[in-house]
Amino acid sequence: DLCCSAGVSSSSSSPSDARKVASPSLLLVLKWGGELTPAGRVQAEELGRAFRCMYPGGQGDYAGFPGCGLLRLHSTYRHDLKIYASDEGRVQMTAAAFAKGLLALEGELTPILVQMVKSANMNGLLDSDSDSLSSCQHRVKARLREIMQKDAKFREEDYEKLAPTGSASLIKSMEVIQNPVEVCDQVFALIESLTCQIQKRLEDPKFADLQLYHSETLELMLQRWKKLEQDFRLKNRRYDISKIPDIYDCIKYDVQHNTSLKLEGTAELFRLSKALADIVIPQEYGINKQEKLEIAVGFCLPLIRKIQLDLQRTHEDESVNKLHPLYSRGVLSPGRHVRTRLYFTSESHVHSLLSIFRYGGLLDESKDPQWKRAMDYLSAISELNYMTQIVVMLYEDNNKDPTSEERFHVELHFSPGVKGCEEDGSAPAGFGFRPASAEKEAKKPEQGSRDDLAKAKGTDETDQVQQLSPQPAEPVYVQRRSPLIRNRKTGSMEVLSESSSKAGGYRLFSYSRHSSEVKQSGLGSQCTGLFSTTVLGGSSSAPNLQDYARSHGKKFASSFLYKDGFEGCSMVPSIYPLETLHNSLSLRQVSDFLTGLCRSCSSSSPHSGAAPTAAAAAA
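Read on for a plain summary of the structure. Residue numbering note: each chain is counted from 1, following its sequence as written. In keeping with the predicted nature of the model, local features appear solely for residues at pLDDT of at least 70, side-chain atom pairs appear and are counted solely at 80 or more, and the whole-chain, interface and lining totals rest on all residues. Calculated side-chain values reflect all of the structure's heavy atoms, with hydrogen atoms and water omitted.

## Side note on the sheet that holds strand β5 (residues 338–344)
By this definition, two strands are paired if DSSP reports at least two bridges between them. Secondary structure follows DSSP: runs of H or I at least 4 residues long count as helices, runs of E at least 2 residues long count as strands, and numbering of each begins at the N terminus. Pairing within the open sheet is parallel, and its 3 strands lie in the order β4-β3-β5. Edge positions in the sheet fall to β4 (117–118) and β5, since each of these pairs with one other strand and no more. Bridge analysis of strand β3 (residues 79–85) against β4 gives 2 bridges, and the strand direction is parallel. Across the sheet, residue tyrosine 84 finds its bridge partner in β4, namely lysine 118. Contact between two residues is taken to exist if any of their heavy atoms lie within 4.5 Å; hydrogens are not considered. A fitted line through C-alpha atoms represents every axis, and for helices the fit uses only the stretch in contact; the resulting angles, taken between N-to-C directions, go from 0 to 180 degrees. In the packing of helix α4 (residues 89–103) onto the sheet, contacts are made with β3, β4 and β5, and the angle to β3 comes to roughly 160°. Along the sheet, helix α13 (residues 289–312) contacts β3 and β5; its crossing angle with β5, the most-contacted strand, is approximately 170°.

## Examining the sheet that holds strand β7 (residues 408–415)
If you walk across this open sheet you meet the 3 strands as β6-β7-β10, and the pairing is antiparallel. Each edge of the open sheet carries a strand with a single partner, namely β6 (389–396) and β10 (579–586). Across this sheet, the average inter-strand angle for adjacent strands is 15°, counted without regard to direction. Of the strands in this sheet, β6 and β7 touch helix α14 (residues 347–359), which is tilted by about 50° from β6. The sheet contacts of helix α15 (residues 369–380) involve β7 and β10, and relative to β10 the element is tilted by about 145°.

## Overview of the pattern of salt bridges
Salt bridges are defined by distance alone: a side-chain nitrogen of Lys or Arg within 4 Å of a carboxyl oxygen of Asp or Glu. Scanning all chains against the criterion turns up 23 salt bridges. The partner of arginine 407 in a salt bridge is glutamate 396, and the shortest N-O contact between them spans 2.9 Å. On the criterion of sequence distance, the pair formed by arginine 407 in the loop between β6 and β7 and glutamate 396 in strand β6 is long-range, its members being 11 residues apart. With respect to burial, arginine 407 and glutamate 396 carry one shared label: buried. A salt bridge links glutamate 405 to arginine 588, with the shortest nitrogen-to-oxygen separation between them at 3.1 Å. A residue pair is termed long-range when its members are at least 10 positions apart, and glutamate 405 in the loop between β6 and β7 and arginine 588 in helix α19 (residues 587–604) qualify at 183 residues. Judged by its relative accessible area of 53%, arginine 588 falls in the exposed class. One salt-bridge network, held together by shared partners, links Asp80, Lys82, Arg339 and Arg341. Buried, partly exposed and exposed residues are distinguished by accessible area as a fraction of the type maximum, computed with a 1.4 Å probe on protein chains only: under 20%, between the cut-offs, and over 50%, respectively.

Quick look at the structure:
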């Protein structure tokens, strides 16, 4: 964004006024989206590698090579892939890094970006015009400022005003803050202390050659904190709460990457700014359900229409390029064809898409226990971090009648992205990744005694009604039907064997179901370590990261380190595994929901904006 302001003075006989007229002033305010850090590249590539395991294939001679099913599909013209990204540079580089990991590509990210990521001429699909806020957004921001400027403890009426949806994470943050003005005073005092400490480090000869993360200098670090110190508290001693997300981003960045400075008060500043940000950020997209939905539709309408089109075209595979029968020798399932659409955009669009699913009326919580559990889980999520994912998977069962609603079913999965600085125990636990086919396989009776059958049945029923446990779910070996599979030879959906990773490896999925046996699919041996970060290897686009970790290991020995970082990159936090929101939606149900939403938007002519992510969202 570019803002210009020229100085103008009225006519006057004073010589000083004449000089002012001869010397106009010009103020330029430039907005820069920033760069993707080396840690961000590693996270995007590793998530891309993990996503390979969601695809069919890898049987027969290729069994035991986790993730090679997708690579086989892609190399034999059986994978229709398109990647879209917003026009921000770091979003585009994230998309390129993800594609590099997904397809096991080599080389730098720039050629991958140019060849594979579409970000131009998309008619606002993933970008928004920040200068054209809707009247609803203006009203919401004004009301939010009013509530957060009250120098008093939150009362019951304040909870009703600020958290009418009953969000668990929002209420928890309000209980931490209690008095917003007092907390802002504390945050401002901590920022002043931080800038003083940085200034002393800058004047100390011992820190003359200090290299901060991503080539930042102490001067630049001091400038960004000085700017926040000046902008956060206004001249009238009130606080600009729109700066709270910036404060939280900066302290989170320094806590993660610049702990070698050993600055005092950073932990408390992180705790308080996070509590404030957990209120301000989600509520900027609407306070009550109606406002959240109105703002979300303004952002998401172009993408909602695109998702609807993607779902409608899944069965029209005659118009796409596929493997020619003459070149299908050695391919076990030449008729198989999979579509993938990946959308990468910013946090604001992901918030909006989640609001569409949560408040748009897709399902009734009171009548659907699975959806009720999903809404409770989303309510406990306080932050949508980098690499947040919303995954929409469409499955086809060729054994069902083409006119039957059971022919297709849709599954929704979600991950809040990269793990933050808080302890693992504070993160909400979901019910795990539960594809419908895995649950059906688990319910099938095994050959054996009636006692075994009764025991298996009892265990299955217990899993369905068991309350959420704070302990992490143990991984399980399951069999899952592959999405969008068409095998004209067998006329049925084929089965893909899946297995969990070794201890310490990154898992794309977390399972809440337990099993003591591993069933063979009959299509090949199990793929050991299927969800590990070592999937088929592949080089990183940030090769200096591990060297950086080794060279700075002593400095970080007594500071913050991620217990479950990626293999070989302990300084890089891993990503929360996918959680299933719903696994038994019919295609007609989802299509009718999106159609009705688009029609209501067209009739009311809402503010047109940007859109979030369907197959994989990167925030």
